[in-house]
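Per-entry structural report
Spelled out from the first residue to the last, the chains are:
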Amino acid sequence: MTAAAHPKRDFLDMADLAPSELSRLLDLAARLKRGEQKRRDALAQKVLAMVFLDPSLRTRTSFEVAMFLHGGHAVVLEPGRTSWAWETQKGVVMDGTTVEHIAEAARVLGRYADAVALRAFPKGSDWTTEREDRVLRDFAHYCEKPVINLESVRRHPCQGLADALTLRERLHDPKGRRCTLMWAYHPKPLPTAVPASAAIAAVSQGMNLTIAHPPGYELDPDDMTTIQRVASDSGGSVEISHKLDESIDGSDVVYVKSWGALRHFGRPSDEAALRSDKRDWRMTEARSHKLSDQGFVMHCLPVRRNIEIDDAVLDGPRAAVVDEAENRLHVQRALLLELIGELSQ
Ligand code: CP
């Protein structure tokens, strides 16, 4: 949560949290999950406005439930479907299909709500432009209230918090343990927000992270710099491997995720040519047995069964994916209490 020049505190990137802030947030989430703290009225009379420019199951539901559990209220907007279609470009002559500019939308929602949250996936064809995460950054600039990133071009920080909590729960002390972030085949080139955030989550807990991907699937260099910085702050480490089975061997956790090749960003047919022979990058049951004895498999969901992860793994004892999804609720309860609840006073 950044105070920066604004008195408000946004939550746009988990890497903005100091290690002590992250630790406090995760401790609170764990206590809320165990029922040791209820804080039923901590968000009474508080409103969270959530804007989804892209679809969601977990993010939307877990935030709505979090507000309900603490006596608050959530409003959900889906521009272009149940509210006006948004224009996100600056200086545009709005004589097309968009009706409402993000500048007014963000300011108006900030007048109604105590916090405003936004999901905005990449839409463009040029990574040089998209990587600036302009829609989220502009929205946070225009909005007078704390803004929560519900997944943008570069980050999915609420997923990162849930991942960190899951690692803590399963490993007790993740420091020095081995995590492999495994690139997986997928029919479409997906954004890099989740793998970057998962990597940050793992190294924030002092883990030794291997990012295993085929050549050509490097994360953005700035993301790698951030991951390295968080790793060195927490005593963790990060390395890259192009050898999947070697990386998985003995890992305490394998985080499975697909993402697109940034060098072909916005050109899905070029990207498809690069990935077409990589269907074997899949978490199979045989691979799951290569993990350490208590090793487990994570994925942010939604997952394409038998494309990214096989049925036998998802339905077996090593899958942590549903616990991980549940933890979205608890970390977001903690986040909301910190940002706009009684703890923030
Ligand atoms: N993991 C995640 O963000 O799920 P949704 O896209 O369903 O919100």
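Quick notes on the rules
Residues numbered from 1 in each chain as written. Predicted model: local features only at pLDDT ≥ 70, side-chain atom pairs only at ≥ 80, totals over all residues. Heavy atoms only, no water. Buried < 20%, exposed > 50% of the residue type's maximum accessible area, 1.4 Å probe, protein only. Helix = DSSP H or I, 4+ residues; strand = E, 2+ residues; numbered from the N terminus. Pairing = 2+ DSSP bridges. Contact = heavy atoms within 4.5 Å. Domains from an automatic or database assignment. Buried area = accessible area lost by both parts, 1.4 Å probe. Salt bridge = Lys/Arg side-chain N within 4 Å of Asp/Glu carboxyl O. Polar contact = N/O pair within 3.5 Å; in protein donor to acceptor, adjacent residues only side chain to side chain.

**What to know about the pairing of strand S5 (residues 115-119)**
- Counting buried residues in S5 gives five out of five residues, a clear majority hidden from the surface.
- Where burial is concerned, the two faces of S5 agree: the one with Ala115, Ala117 and Arg119 and the one with Val116 and Leu118 are both buried.
- Note: S5 against strand S6 (residues 147-149), three bridges, orientation parallel. Counterpart to Leu118 in the pairing with S6 is Asn149.

**Section: the environment of Gly341**
- Locating Gly341 in the fold gives a position in the segment after helix H13 (321-340).
- Look past the residues within four positions of Gly341 in its chain and what remains in contact with it is Ala42, Leu43 and Leu336.

**Re helix H3 (residues 102-112)**
- Taken as a whole, H3 has its buried residues at Ile102, Ala103, Ala105, Ala106, Leu109 and Gly110.
- Buried residues belonging to H3 abut strand S1 (47-52), strand S2 (73-77), strand S3 (86-87), strand S4 (100-101), S5 and helix H5 (134-142).

**Overview of the domain arrangement of the protein**
- Looking at the protein, the domain boundaries give domain 1 (14-155 + 328-344) and domain 2 (159-325).
- Measuring from the centre of the C-alpha atoms in domain 1 to the corresponding centre in domain 2 gives 25 Å.
- Surface buried jointly by domain 1 and domain 2 totals about 2500 Å² across both partners, of which 60% is contributed by carbon and sulfur atoms.
- Viewed at the interface, domain 2 and domain 1 are joined by seven salt bridges.
- For the salt bridge of Asp223 with Arg155, the shortest nitrogen-to-oxygen distance reads 2.9 Å.
- Remark: the boundary between domain 1 and domain 2 carries 13 residue pairs in polar contact (both at pLDDT 80 or more).
- Of all the secondary structure elements, the ones that give two or more residues to the side of domain 1 that touches domain 2 are helix H1 (19-34), helix H4 (127-130) and H13.
- Looking at which element gives the most residues to the side of domain 1 that touches domain 2, the answer is H1, with eight residues.

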